[in-house]
Number of protein chains: 2
Amino acid sequence: MREAMAPKAEKTTATPALPGLDDLVGYHLRRASIVDLQGASAALEAVRSRPVPFSVLSCIVERPGISAAEICRVLGMQRANIVSILAELEERGLFLREADSRDNRIQRLFPTRHGQDVAAQGIERVAQHEEVLLQHLSVEERHELRRLLAKIWQ
Amino acid sequence: MREAMAPKAEKTTATPALPGLDDLVGYHLRRASIVDLQGASAALEAVRSRPVPFSVLSCIVERPGISAAEICRVLGMQRANIVSILAELEERGLFLREADSRDNRIQRLFPTRHGQDVAAQGIERVAQHEEVLLQHLSVEERHELRRLLAKIWQ
DNA sequence: TATTGTTATACTCTATAACTATA
DNA sequence: TATAGTTATAGAGTATAACAATA
C-alpha cells in the first residue's frame, strides 16, 4: 500500500524488458500448489494422513504388488524418504509386505481392505477439495490445466 | 477380453467413478511445482539465493519502501518466517532498513544497487530456466497456464 | 485491542551419503 | 557392479504460540 512518498531518489530507471516475479509461471505454480496442498492436507485429516503418505498409499492400492523402489520412481521421491512413511502406513494396517519369490531384495506391497477403504475415502475428500479449488475453472479449463501441468513434469 | 459369464467380483470390479492419483489436478500441480523448484533453485545458485529468499528480495526491489509485514501478505507467508530471510539478505547488503517516520513499529525496506543487480540477475536466470521448463509449451499455452494458475490462488 | 517485528519451536517434505544384503 | 531397503542427517519451507514495543 502507499508509495511511501519517494524516499530519496533512484527508483530504478524504468525496467521495461525485465520480467517481474508475477511474470514467472513458476511463481504462480508455487502459489497455486501451496493453496492446493493446504486444502488437500485439511481434506486428508479425515483419514489421518498427509499428501505424501497418502500418495504412497494410493500407489499401493492402485498397483498391488508394487515395491518401495518402484513407488519412489513413480512418485519421484528418494528411497530414503519412503521408509518412515511405509512404517507408519504398515503400523496402521493399511498394507502388508510380502517377500518377492524370485528376488529377496524386494518386498512386494499389498493393500489391506482397510487400506483400500482409507485410500478411497481420501481420494473422495481430496476430490471434494479440488472441486472448491477449481470452482472458477470450467471443465475444459481443468482438463487443459492438467494437460499442461503433465506436459511440464512428465 | 473374457466377458460373458458374468464375472463374480474379482480383480477390481471396474472402478469407473473412483478417481486415481493421476486424475487429481493437485497431483500434477505438485509434481510440476517440484520440477520447477528444482530448476529454479539451481538457477538461483548463480546469485547464491533460494526461491523464497529471492522472492522476498524481488518484492523489495519491485516495491521499494515495502514493510516486512506487507511482503508477507504479498507472498502469503508468515511474519515469523521472514525474519531470518531478511537478516540474511541484509547481511549481504542487498537492502537497507529505514524507520517509518509516522509509525515506529514499521521498518521500510529499500534495495541497494547491489540488491537490484542480484534481483535482475536472478530473474534472468530463472527466466532462462523457465524457457527449458516450458519448452514443449507454445507461447499461447504458457499464457493460458499462467492465467489458470493465477485463477486458483488469487 | 490490534499490528509489527521477533524468538522459539515443530512439522512436512526433499536431499545426500553411506551401510547391508542381495543379485 | 548394480539394486533394494535402510539409517542418519541436513536443509528448505511452512505453521503456531507467545512476547515487547507501538499504535
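About the cut-offs
- Residues numbered from 1 in each chain as written.
- Chains lettered and ligands numbered in written order.
- Predicted model: local features only at pLDDT ≥ 70, side-chain atom pairs only at ≥ 80, totals over all residues.
- Heavy atoms only, no water.
- Phe/Tyr/Trp six-rings, centres within 6.5 Å; stacked < 30°, edge-to-face > 60°.
- Helix = DSSP H or I, 4+ residues; strand = E, 2+ residues; numbered from the N terminus.
- Buried < 20%, exposed > 50% of the residue type's maximum accessible area, 1.4 Å probe, protein only.
- Lys NZ or Arg CZ within 6 Å of the ring centre and 35° of its normal.
- Near = heavy atom within 4 Å.
- Polar contact = N/O pair within 3.5 Å; in protein donor to acceptor, adjacent residues only side chain to side chain.

Chain A is annotated in an unreviewed UniProt entry as Mll1839 protein of Pararhodospirillum photometricum DSM 122.

## Observations concerning the packing of aromatic side chains
On inspection of all chains with the given rule, the structure shows 2 aromatic pairs over all chains. Geometrically, the ring pair formed by Tyr27(A) and Trp153(B) is edge-to-face, given 5.8 Å between the ring centres and 85° between the ring planes. You can see Tyr27(A) sitting in helix H1 (residues 25-44) and its partner Trp153(B) sitting in helix H6 (residues 139-153), one on each of two chains. With a relative accessible area of 18%, Trp153(B) lands in the buried category. It is Arg31(A) that lies over the ring of Trp153(B); its NZ or CZ is 4.1 Å from the centre.

## Quick notes on the protein's contact with DNA strand D
Arg30(A), Gln38(A), Ala69(A), Ala80(A) and Asn81(B) are the nearest of the 25 residues found near DNA strand D. Backbone atoms, meaning sugar and phosphate, make up 61% of the atoms of DNA strand D lying within 4 Å of the protein. Within the backbone of Val52(B), a nitrogen or oxygen atom sits 3.4 Å from a phosphate oxygen of DNA strand D. Sorting the residues of the surface near DNA strand D by element identifies H1, helix H3 (68-75) and helix H4 (79-91) of chain A together with helix H2 (51-62) and helix H4 (79-91) of chain B as the ones contributing at least two each.

## Some words on the protein's contact with DNA strand C
Lining the immediate environment of DNA strand C, one finds 25 residues, of which Asn81(A), Arg105(A), Arg30(B), Gln38(B) and Ala69(B) sit closest. A share of 56% is what sugar and phosphate atoms reach among the atoms of DNA strand C within 4 Å of the protein. Between DNA strand C and the protein, one listed contact pairs a base nitrogen with a side-chain N or O atom of Arg79(B) at 3.2 Å. Arg97(B) places a polar side-chain atom, nitrogen or oxygen, 3.4 Å from a phosphate oxygen of DNA strand C. Residue assignment for the surface near DNA strand C shows that the elements contributing at least two residues are helix H2 (51-62) and H4 of chain A together with helix H1 (25-44), helix H3 (68-75) and H4 of chain B.

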